Structure formats: structure tokens, C-alpha cells
Amino acid sequence: MSDLKQELSRLRHTFDEAIGVVQGHSSQAVEQLRVQFLGKKGELTSILRSMGQLPADERPAVGQLANQVREHMESGLEGLLATIKSNERELRLKLDRIDVTLPGQRLLQGTRHPLTKVIDEICSVFVGMGFSIAEGPEVELDEYNFELLRIPEGHPARDTQDTFYITDSMVLRTQTSPVQIRVMKEQKPPIKVVCPGKVYRSDALDATHSPIFHQIEGLVVDRGVTMGDLVGSLQLFARQLFGEKTEIRLRPHHFPFTEPSCEVDITCWSCGGTGCRTCKGEGWIEVLGAGMVHPGVLRNCGIDPEVYSGFAFGIGVERTAMGRYGIDDIRNFYENDLRFLRQFR
Ligand code: PHE
């Protein structure tokens, strides 16, 4: 038997050993084997190259054997590759498995807070009348919250609006009226804004009072603005929010930053004006304070009261929401009890 025949069967043997070791490995390892045994610089190739030196009558037999060894190696590698690939696929299927019969996770859907709903509703009524939205900080300068609104130190209004002092000159705002000051200092008339936000007073928490509550301020400044514009705007607001039949009533009042000033009532949303428990037999419910912007306030903000006039109002959000939804205790709004909040879906 020629040396080459021996070499071929040795090669077949080494291949079988090598392929046995690679079982279960990656497809990369199979590729390495292919290069090693069948590649251009592989062992089979070098054996085939030396075939030229054989006597002619030996060549066919050796050539046949070489072909058998090549086929053996090729089909061995192919089979191994197939096994490895199917193993890999099975593993992937196992790892990626999703059990579609498992119960799903319920997504909890939140709801808007009733106060947010009322604020949005009121603001959109005014936006419909051409107002834009303005905001100011809750930590406010004493100067803006009191001083420029004509509530100097020692003024009795400071007692009814006692608050939390951050420093001597900075407070938690007691009303949204300082946003009037900010807007008038920054913008020139015509001005038409509503300003929703939180306000603070050092009141004890009970069924109708909270140290933190919400207001919506309104401010209009232009040439020739009158009390008639104030009444018309508030009438429209009341009807849109509480129904077409709602009437408003103005009672004289006093605020340091408006002149004249008034408190505004609307016909009771419960009885429509005949008198019931909700309105304590009055037929009317107070919803806001308002008035014509005091000339001194305009002047404090650099607006000439000889040229411009304006009106302002402040709506209590909690009070309005309690009326709208028939809520009798203000504390419901702040306790985050889902049984309460879910009713406003
Ligand atoms: N800021 C006043 C209050 O909190 C309400 C108000 C606003 C009155 C604007 C007149 C004009 O009581």
C-alpha cells in the first residue's frame, strides 16, 4: 500500500477524532475544522498535491480514496453543523418562551383630580373668551403679595391673610393676586389673563378650611374697561359652568386692591334660587371676589390709570368644586382616598 493511502486513512482517523471533540460546540468551531481539513492550506489539499509524484497506475486508486475521504469529511461537517444549529434553535426557543395563557397585567388607569378638572374647566371657559393663562410662584415676595396690592404692613388684611414667612421679605402667597402684579409689570395692555394656582394661609384644617387651597385669578386691563365688562364676563362664566339659567348677584365689598369691590354670588346650583340646605335658605352662593383694579395698583406696575382701566376677580376653586359635585368636606380633596377619587372618572 502506498504511503499516500496510509496518510489518507490516518487523516480520516484524525478527522473522526476531531469531530468527536467538537460535538456540541458552536458553529464557529465547525468552520475551523473545515479550514483545517478541507481548506486550501488543509491536510487533504497537501496530500492531493503530492499525488502527481505517484506512478500513473496507482493514481486512480489513491484518487478514489481521496474523494471518499473528502466526502466523508464534508458530510461529517455538514451533519455536525446541522445538529449544532438545531440545538442552538431549541435553546433559543426555550429561553424566549412566552406563555400566552398566563393572565395579563391589569393597567391601572388614573383619573384627573376633581380640583384639576374644575380648574381646567374654568380656565377653558375664559380661554374661550380670549384670555390666556399666566402663572406665578407659590413662594412670593411680600412686596407682590401685599405691598404693591396696597396692603402695607399693619393693614388689617394682613391678619385675615396670615401666612407662612420664608424670610422677612418672602412668603407663601396667600392669594393669586400677586400674579396680577407680575403680569402688569411684564406686559403692556391690552391684558387678559387667568392665573390658576395654590395659595396658603395659616388656617386650621376643618370641613370648610384648608391651609392650602386653590384660586383662579382673572385680570383684564385695557382702554375703557368698565364694571359692565366685569359683570358680562362673570355672567358668561357662571352660565357656562353652572348652566344657562344661572344668575349672578354683586354685593358691595372691600378689597384693598380693587375699587369699587364686590363679592359675587350665583343662584344656588342645588335649588336654582328658591332656597335649600346647600345655600342655607339664601338661594345664592358666594363664589368669588372681584372689582375694578385700583388706580394705585396700576400705577405701582407702571400703567397709567388716566389711560387704562381694568377689572380683576378671584375664584375659590375648592368652593366651586364642592358645589359642582356636592362634596361637603374639603378634606376629601387632599386625602388621596381612591374610593373618593374614582368617582370623578
Ligand atoms: N385675592 C382676593 C382674595 O383672596 C380675591 C380677589 C381677587 C378680589 C381679585 C378682588 C379681585 O380674597
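Since the model is a prediction, treat every value here as computed from it, not as a measurement. (Residues numbered from 1 in each chain as written. Predicted model: local features only at pLDDT ≥ 70, side-chain atom pairs only at ≥ 80, totals over all residues. Heavy atoms only, no water.)

Caption draft 1: Main features of the pairing of strand β5 (residues 191-200). Burial runs high along β5: eight of the 10 residues are buried. Sheet topology places strand β1 (residues 132-133) next to β5; two bridges connect them, and they run parallel. In the sheet register, I133 faces β5, and the bridge partner there is V194. Here 10 bridges tie β5 to strand β6 (residues 212-222), and the two strands are oriented antiparallel to one another. Residue K198 lies in a different strand from β6, and its bridge partner there is H214. (Buried < 20%, exposed > 50% of the residue type's maximum accessible area, 1.4 Å probe, protein only. Helix = DSSP H or I, 4+ residues; strand = E, 2+ residues; numbered from the N terminus. Pairing = 2+ DSSP bridges.)

Caption draft 2: Spatial organisation of the nonpolar core. Within the largest apolar cluster, 39 residues are counted, with the highest numbers of intra-cluster contacts made by F126, L234, F237, L288 and F313. Apart from the residues within four sequence positions on either side, F126 is in contact with F131, V194, F237, F313 and I315. Grouped together as the second largest cluster of nonpolar side chains are 24 residues, V183, L219, Y308 and A312 included. (Core = buried A, V, L, I, M, F, W, Y, C linked by side-chain atoms within 4.5 Å. Contact = heavy atoms within 4.5 Å.)

Caption draft 3: Expanded view of the pattern of salt bridges. Here the structure, examined in full by the defined rule, presents 13 salt bridges. R112 is paired through a salt bridge with D120; the nearest N and O atoms lie 2.6 Å apart. Classification of R112 by relative accessible area gives partly exposed; the value is 44%. Take D120: its relative accessible area is 34%, and that puts it in the partly exposed class. Where E263 meets R251, a salt bridge forms, and the shortest distance between an N and an O atom there is 3.2 Å. In this pair, E263 is assigned in strand β8 (residues 258-267) and R251 in strand β7 (residues 248-255), connecting sequence segments 12 residues apart. With a relative accessible area of 26%, R251 lands in the partly exposed category. (Salt bridge = Lys/Arg side-chain N within 4 Å of Asp/Glu carboxyl O.)

Caption draft 4: Structural detail: the sheet that holds strand β2 (residues 139-141). Here three strands make up an open sheet; going across it, the order is β2-β4-β3 and the pairing antiparallel. The sheet is open, and its two edges are formed by β2 and β3 (165-167), each paired on a single side. Along the sheet, successive strands turn relative to each other by an average axial angle of 35°, direction set aside. Note that β3 and strand β4 (residues 170-172) share two bridges and pair antiparallel. Residue Y165 lies in a different strand from β4, and its bridge partner there is V171. (Axes fitted to C-alpha atoms, helices over the stretch in contact; angles between N-to-C directions.)

Caption draft 5: Main features of the side chain of T320. Mapped onto the fold, T320 is located in helix α11 (residues 317-325). A relative accessible area of 1% places T320 in the buried class. Leaving out residues up to four positions away in the same chain, T320 has contacts with V118, I122, L241, F242 and I315.

Caption draft 6: How the structure looks around the packing of helix α1 (residues 3-22) against helix α4 (residues 59-95). Remark: α1 packs on α4, axes separated minimally by 10 Å, with the N-to-C direction vectors making an angle of 5°. When the axis of α1 is compared with that of α4, the two are roughly parallel. Mapping the contact onto sequence places L4, K5, L8, L11, R12, F15, D16, I19 and V22 in α1 and A61, V62, L65, A66, V69, H72, M73, G76, L77 and L80 in α4. For the contact of α1 with α4, the residue count by class is 14 nonpolar, two polar and three charged. (Parallel < 35°, antiparallel > 145°, perpendicular 65-115°, else oblique. Nonpolar A, V, L, I, M, F, W, Y, C, P; charged D, E, K, R; others polar.)

Caption draft 7: Main features of the packing of α1 against helix α2 (residues 27-38). Two elements in contact, α1 and α2, have axes separated by 11 Å at closest approach and are oriented at 170°. Classified by the angle their axes make, α1 and α2 are roughly antiparallel. Along the contact surface, α1 presents L11, T14, F15, A18, I19 and V22, while α2 presents A29, V30, L33 and F37. In the contact of α1 with α2, the residues fall into nine nonpolar, one polar and no charged.

Caption draft 8: Up close: the packing of aromatic side chains. Under the criterion given, the structure shown has 11 aromatic pairs. Every member of this aromatic cluster is reached through a ring pair, and the members are F126, F131, F237, F311 and F313. (Phe/Tyr/Trp six-rings, centres within 6.5 Å; stacked < 30°, edge-to-face > 60°.)

Caption draft 9: Quick peek at a negative patch on the surface. There is a patch of like negative charges on the surface, built from D159, D162, D203 and D206. Positionally, D162 belongs in the loop between α7 (157-160) and β3. D162 gets classed as partly exposed once you look at its relative accessible area, which sits at 40%. (Patch = residues over 30% accessible without salt bridge, like charges linked within 9 Å, V, L, I, M, F, W, Y side chains within 5 Å. Areas by Shrake-Rupley, 256 points an atom, 1.4 Å probe, with all protein chains shown as cover. Lys, Arg positive; Asp, Glu negative; His and termini not counted. Charge placed at Lys NZ, Arg CZ, Asp CG, Glu CD.)

Caption draft 10: Structural view of the domain arrangement of the protein. Considered domain by domain, the protein is made up of domain 1 (2-95) and domain 2 (114-344). For domain 1 versus domain 2, the separation of C-alpha centres amounts to 90 Å. (Domains from an automatic or database assignment.)

Caption draft 11: Highlighting the site of the ligand. Around the ligand, the surrounding shell holds 15 residues, and the nearest of these are Q175, S177, R201, Q215 and E217. Taking R201, its side chain carries an N or O atom lying 3.0 Å from an oxygen atom of the ligand. A distance of 2.9 Å separates an oxygen atom of the ligand from a polar side-chain atom of Q215. Coverage of the ligand by the protein amounts to 92% of the 330 Å² it exposes when considered alone. If one sorts the elements of the shell around the ligand by residue count, strand β10 (residues 309-316) sits on top with three residues. (Near = heavy atom within 4 Å. Polar contact = N/O pair within 3.5 Å; in protein donor to acceptor, adjacent residues only side chain to side chain.)

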